[in-house]
Amino acid sequence: MFTALSVLIVSATQAQDVVEGRKIFKDKCASCHQLDRNSTGPALTPKLNELDEAFAIKWIRNWKALVDAGDKTAIEAAKFSPAEMTTFPTLTDEQIKSVIAYAKAGEPKKAEDPNAAKASAGSDEVSNFSIAGIALIILISIAVLVVLGRAVKMLERLILQKQGVEIVEEDNVSFSVGVRRLFKNKKFILFFILCIVIALGSFGWMGMWNTGVHTGYQPVQPIKFSHELHAGVNQIDCQYCHAGAFKSKNATIPSVNVCMNCHKSVQATEKYNGEISPEIQKIYTAIGYDPSTLTYDKSKEKPVEWVRVHNLPDFAYFNHSQHVVVGEEAIRKEKGLQPNEPVCFACHGPVDTMEEIYQYSPLTMKWCINCHKDAEISGKDNAFYTKVIEAHEKIKKGEKITPALLGGLECGKCHY
């Protein structure tokens, strides 16, 4: 028992090391290194599997000291690229070990939303069940048709025998002759056409059932904005960019001015040999900003044409503020979110691990309804439901109730 417990503790510790190592790698190493292929620096996974861990720790912390000391392995490793690697004297041994653990383990697979998985599984089950049902019905129908055909033939023979008509038996009827006779049978032709219509109709229905479901949709954006870097590594709050999510129907796309709050000074020049990052330069181009003179030219402004990822049908009304403010507690409980995780993760998934944003949940009517059925609402310390309860109490007392009391003055009630 103690052995099993020790294994579990070690596994949990290793998993935590990999998570911490991934964050450090993305923050300090990813600009020059990739795990599986050479970049400015060598591919880390095969390289760290070759090197001794003690040497790797010393190399990462201060490779120059090893080279100056005449270490042959360090001198050879330094020949890989003319670009000098940054030293990391502030990293502890444990932090460097966590980076090594992450590099050896590789990129973890994206976690799947259990509710999305259930919805997908349910859809697959329905599809498989439908196909099996259609096949079974067709087989049973063929069997019934064969039995009825033989029964009719026997009855016809008996009638002919009673009438004294001589019946000529046919021996060794070839398969091709049998097939031709079968397709001359009007009843069989009717049944065959009916089966084709049912099969095509069923497959068409299943295809239409999945129309508009874009789980995993990940379009190419005009600027390679990394949510992993901004929301994950730098831990920028979702509301900083998507301020509308907590106070309006739409989460809103941030204007380029929001980007400039940071990127007027943050240019990532250290990663591009003194040049401004190409992606940050796209922001400057969009807003007509000249970083050399720190001036703006409105005549050169060009809006960034972002490609929408999460797109609901026009007839579906969804209000962000209703969910992330009024329903936050219920959604957190239903989706099992941790206290440090934004409520946004319930629908959009682990955005802080997404290098490029993609549609995480199916966003189907079934998916929404399942959540509405299971989420447990609490009226405690919730101003929205407090007003609803007050309105019901007034109705019971026969007092005057107006639409304004029930939120009728809110713009979103009428204006989409």
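How each quantity is defined
Along each chain, numbering runs from 1 in the same order as the chain's sequence is written. Restriction of local features to residues with pLDDT of at least 70 applies here, the model being predicted, together with a cutoff of 80 or more for giving and counting side-chain atom pairs; totals for whole chains, interfaces and linings are based on all residues. Each side-chain value is worked out from all heavy atoms of the structure, with water and hydrogens disregarded. Secondary structure elements are defined from DSSP: runs of H or I of at least 4 residues count as helices, runs of E of at least 2 residues count as strands, and each element is numbered from the N terminus. By the convention used here, residues are in contact when the closest approach between their heavy atoms is within 4.5 Å. Salt bridges, as used here, are contacts in which a Lys or Arg side-chain nitrogen is within 4 Å of a carboxyl oxygen on Asp or Glu. Buried, partly exposed and exposed residues are distinguished by accessible area as a fraction of the type maximum, computed with a 1.4 Å probe on protein chains only: under 20%, between the cut-offs, and over 50%, respectively. The patches described consist of residues with a relative accessible area above 30% and no salt bridge, like charges being joined within 9 Å and nonpolar side chains (Val, Leu, Ile, Met, Phe, Trp, Tyr) within 5 Å. The Shrake-Rupley method, run with a 1.4 Å probe sphere, supplies the accessible areas, and residue values consider only the shown protein chains as cover. UniProt positions are given in the numbering used here, feature names are shortened, and annotations may be inferred rather than shown by experiment.

Per an unreviewed UniProt entry, the protein chain goes by Cytochrome c class I and derives from Pedobacter heparinus.

Let us look at the side chain of Ser 277. If you trace the backbone, Ser 277 turns up in the loop between α11 (256–263) and α12 (278–287). Discounting chain neighbours no more than four positions away, the residues touching Ser 277 are Gln 267, Ala 268 and Tyr 272.

Now for the pattern of salt bridges. The full count for this structure, using the stated rule, is eight salt bridges. Among the salt bridges present, the one from Arg 22 reaches Glu 228, with a minimum N-O distance of 2.4 Å. Residue Arg 22 is located in helix α1 (residues 2–29), and its partner Glu 228 is located in helix α9 (residues 227–233); the two are separated by 206 residues in the primary sequence. Just as Arg 22 is buried, Glu 228 falls in that class too. Close ionic contact of Lys 79 with Glu 76 constitutes a salt bridge, the shortest N to O distance being 3.7 Å. No difference in accessibility class separates Lys 79 from Glu 76, as the two residues are exposed.

Where nonpolar side chains cluster on the molecular surface, the patch consists of Leu 182, Phe 183, Phe 192, Ile 193, Ile 196, Val 197 and Leu 200 and spans about 640 Å² of accessible area. Going through the elements one at a time, α7 (175–184) and α8 (186–209) are the ones with two or more residues in the nonpolar patch. By the element assignment, Leu 200 lies in helix α8.

For the rest of this paragraph, the subject is the UniProt feature "transmembrane region" (unreviewed entry) in the protein chain. Mapped onto this structure's residue numbering, the UniProt feature "transmembrane region" (unreviewed entry) falls at residues 129–152 and 188–209. Secondary structure content for residues 188–209 is 100% helix and 0% strand, while the C-alpha to C-alpha distance between its ends is 31 Å.

A few words on unusual backbone geometry. The phi dihedral of Gln 235 is positive, around 55°, even though this residue is not glycine. Looking at Gln 235, the relative accessible area reads 61%, which means it is exposed. A positive phi angle is found at Asn 273, which is not glycine, with a value near 50°. Position of Asn 273 among the secondary structure elements: in the loop between α11 and α12.

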